[in-house]
Amino acid sequence: MERNTHKNGLVNLLIALGAGVAAFAAARYSHSLAGLVASVYLGLGALVAAVSWFQTRLEDRERLERLELDELTRSRTGSTLFEAKDAEAFPARRAREQFERFFVPIFTVLLCLIQAGGAYFLWRWLAKPGTAATLQEPMAGMFLFFLFALVLFMVGRFGATFARLRNQRLLRPSSSYLLLNALLCAVVAVGIILVQSGFPRADLYVAFVLCGLLGLVALETLVALVLEIYRPRVKGKIERPLYESRLVGLLGQPEGLITTAAQAIDYQFGFKVSETWFYKFFIQAVLWLAPLQLAVLVLSTCVVIIEPGEQGLLERFGKPAATGQPLNAGLHFKAPWPVDQVYRFRTEQIQSVQVGSVPEHDDHRETVVLWTVSHSREENFLVANRDSAALEQAGETGGKRTPPVSLLTVSIPVQFQITNLMDWAYRNEDAPALLQDLATREVVRYLAGVDMNHIMAGGRADASAELQKLIQRSANERALGARIISVGLQDLHPPVKVAPDYEKVISALHSKQAKILAAQADQIRTNSMSAAAAAAVLDQARAQRVATEVRAVSQAGLFTNQIPAYQAAPEVYRQRQYLETFARATGGARKYVLLTTNTHDVITFDLQESIARDMLNLNIAPAKTP
């Protein structure tokens, strides 16, 4: 689509330039004064087409630059590229902004001077007595200008349609000039026909009309320049080119008036009125129905509907109405415009003004934005810094004393609601701007007296409440008639240039605190383990002592009890002790029982283990009898 836009813009430029040179040559050849004036329009159209085409190229370079940056953002993890300034990271955007900021106004001023100077000098030249001349080769001139009109109309119509369908605003100016030049070439050809039909001064009159029209276009360009100075700049809003002439577009496409009227009627009635027999009849009888429509239009201004959530102020001849009360939601009647006018205000809607930096793009609202990434044009505020340790250290080392202030980039939305519409509209000239200035003043005062670390950490809620009170008090003193709903302090951060260093300082503080906590934990763990080990040693020693004492007491008691048994039967006692010892000693050995005693057996022992001991010691349960 961008390539087609470039191609169409270049085609418009080449056609305008070629048609201008050819029209000037044809006018000189046929001695047509109107043709010479029309060639001036073609030259102006070529200038406008050249600037429009070049501006299109700049916007396309900006688009490609943004696509490349987005691709690098997804593919690379480095931060060097994204920490650069706007002028370094977005040279194409910077070039386009400088072009629109400086070159376009300068070109529009030059265009206005050329239009005004051309109209003035051409008018004086045409007013001279010897300027009028007899046409030569009128048929050739008529044919050539009709041919120019046909070519310009085809190219201009295609460009205008393409610009409307594709919403290409930069293609409209050159296309409008081509269509206007097509109309003017046709008018020049008609003037030549009138000369041939018996009106010898028709060509001169057409030339005067074209000069007057050029003066009107110059006047419109001058008014556009004056209005551009006082036009409010809305960030993110795409404005129409300054050098685009609405008068040229209207003359080049007069059917736009009828189309706009048809669309307005369709919108008002909610169905396709333009396809009914009445509308077709209206088109046919538009001359005598136009006053009737104007009367209906004036009568329609006598009824005003205030939507829910709105209030209106009725003014009569620019002054508040005698009632002095706002109009509430509903149907109201008033005198026709311009006697009475009603201004609507959203009194129940929560509105907001921005203090500090204004975000450049809304696409950051749903994403995480780091401090190190520039997302707005920074506006820094002074904030107090009460870090006395750093100041004392700087003084002791003999270095420069660090000032007790820092810079903070803020973007604070102040949300408010209109509570007294009369005060809001009439007590002050520009209530929203005044509220923004008051909020900015209170923010500057508050930040100058609060510690940066406190407001960046846990003091945001208290700061928001305090700022809300201060701004509300200032608004009440000025009788703004507004209630402050909230003050958002979410977007507070150091400037982008110092954000990495600030993060390093905070990271060092966190690392220091983490190491202190780790050392304290290690201290607690070591002391606890040492105490537990000492307690375990003591308990083990106590248990060993008790076991030794009990064992000694037991052995003493056992020895005391064995003496009477030995004295009673010494031989039995010894034999019993021997058998018990033998039983304990041979408890795990294999035993062989010899039942016969009257034989002399020779026993051979095979000490090699052949049968598993668990197989010899099988416990066979007795068989159950049925």
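It should be emphasised that the depicted structure is a prediction, and the values quoted were computed from it without experimental measurement.

## Let's talk about the overall build of the protein
- Each helix and strand in the protein was counted, giving 19 helices and 10 strands.
- The 626 residues of the protein split such that 32% are buried.
- Nonlocal contacts in the protein, meaning residues at least 24 apart in sequence, comprise 78% of its contacts between residues at least 6 apart.
- When the accessible surface of the protein is summed, it comes to about 40,800 Å², and 62% of that surface belongs to carbon and sulfur atoms.

## Here we look at the nonpolar core
- Counting residues in hydrophobic clusters, the biggest one holds 57 residues, and the most contacted among them are V37, Y41, L126, F145, L210 and Y243.
- Those elements that place two or more of their residues in this core are α1 (2-30), α2 (33-75), α4 (91-127), α5 (138-166), α6 (172-196) and α7 (202-230).
- Among the elements that line this core, the one with the most residues is α2, at 12 residues.

## Re the sheet that holds strand β3 (residues 319-320)
- Within the open sheet, the 3 strands sit side by side as β3-β2-β5. Their pairing is antiparallel. This sheet does not close on itself; its edge strands, each paired only once, are β3 and β5 (340-345).
- In terms of strand pairing, strand β2 (residues 311-316) meets β5 through 6 bridges, oriented antiparallel. Bridge pairing in β5 places Q311 opposite F345.

## Things to note about the packing of α5 against α6
- Viewed as axis vectors pointing N to C, α5 and α6 meet at an angle of 155 degrees, and their least axial separation amounts to 7 Å. As the angle between them shows, α5 and α6 are arranged roughly antiparallel. In this structure, α5 meets α6 at a crossing whose hand is left-handed.
- For the contact of α5 with α6, a count of residues per class yields 20 nonpolar, 6 polar and 2 charged.

## Let's talk about the side chain of T586
- Within the fold, T586 resides in the loop between α18 (570-585) and α19 (613-616).
- Of note is the side chain of T586, whose polar atom sits 2.7 Å from the backbone oxygen of F582.

## Topic: the environment of L47
- The residue L47 is located in helix α2 in this model.
- Between the alpha carbons of L47 and L13 there is a distance of 8.0 Å; along the sequence they are 34 residues apart.
- In contact with L47, not counting residues within four places along its chain, are F107 and I114.

## Looking at the packing of aromatic side chains
- All told, the structure shown has 7 aromatic pairs when counted by the stated rule.
- Arranged with centres 5.2 Å apart and planes meeting at 75 degrees, the rings of Y120 and F121 form a pair that is edge-to-face.
- Classification of Y120 by relative accessible area gives partly exposed; the value is 45%.
- Note on F145 and F148: the rings are 5.8 Å apart at their centroids and 80 degrees apart in plane angle, and the pair reads as edge-to-face. Highlighted residues: F145 and F148, both in helix α5, separated by 3 residues, approximately one helical turn.
- Here F145 falls in the buried class, since its relative accessible area comes to 0%.

## Considerations on the environment of V358
- With respect to the secondary-structure elements, V358 resides in the loop between β6 (351-356) and β7 (380-384).
- Separated by 53 residues in the primary sequence, V358 and S411 place their C-alpha atoms 6.5 Å from one another.

## A short note on a nonpolar patch on the surface
- A grouping of L216, L219, L222, V223, V226, L227, I229 and Y230 is seen on the molecular surface, where their side chains present a nonpolar patch of about 840 Å² in accessible area.
- Taking relative accessible area as the criterion, L227 reaches 56% and is therefore assigned exposed.

Conventions we followed
- Residues numbered from 1 in each chain as written.
- Predicted model: local features only at pLDDT ≥ 70, side-chain atom pairs only at ≥ 80, totals over all residues.
- Heavy atoms only, no water.
- Helix = DSSP H or I, 4+ residues; strand = E, 2+ residues; numbered from the N terminus.
- Buried < 20%, exposed > 50% of the residue type's maximum accessible area, 1.4 Å probe, protein only.
- Contact = heavy atoms within 4.5 Å.
- Areas by Shrake-Rupley, 256 points an atom, 1.4 Å probe, with all protein chains shown as cover.
- Core = buried A, V, L, I, M, F, W, Y, C linked by side-chain atoms within 4.5 Å.
- Pairing = 2+ DSSP bridges.
- Axes fitted to C-alpha atoms, helices over the stretch in contact; angles between N-to-C directions.
- Parallel < 35°, antiparallel > 145°, perpendicular 65-115°, else oblique.
- Left-handed = near helix turned anticlockwise from the far one by under 90°.
- Nonpolar A, V, L, I, M, F, W, Y, C, P; charged D, E, K, R; others polar.
- Polar contact = N/O pair within 3.5 Å; in protein donor to acceptor, adjacent residues only side chain to side chain.
- Phe/Tyr/Trp six-rings, centres within 6.5 Å; stacked < 30°, edge-to-face > 60°.
- Patch = residues over 30% accessible without salt bridge, like charges linked within 9 Å, V, L, I, M, F, W, Y side chains within 5 Å.
- Salt bridge = Lys/Arg side-chain N within 4 Å of Asp/Glu carboxyl O.

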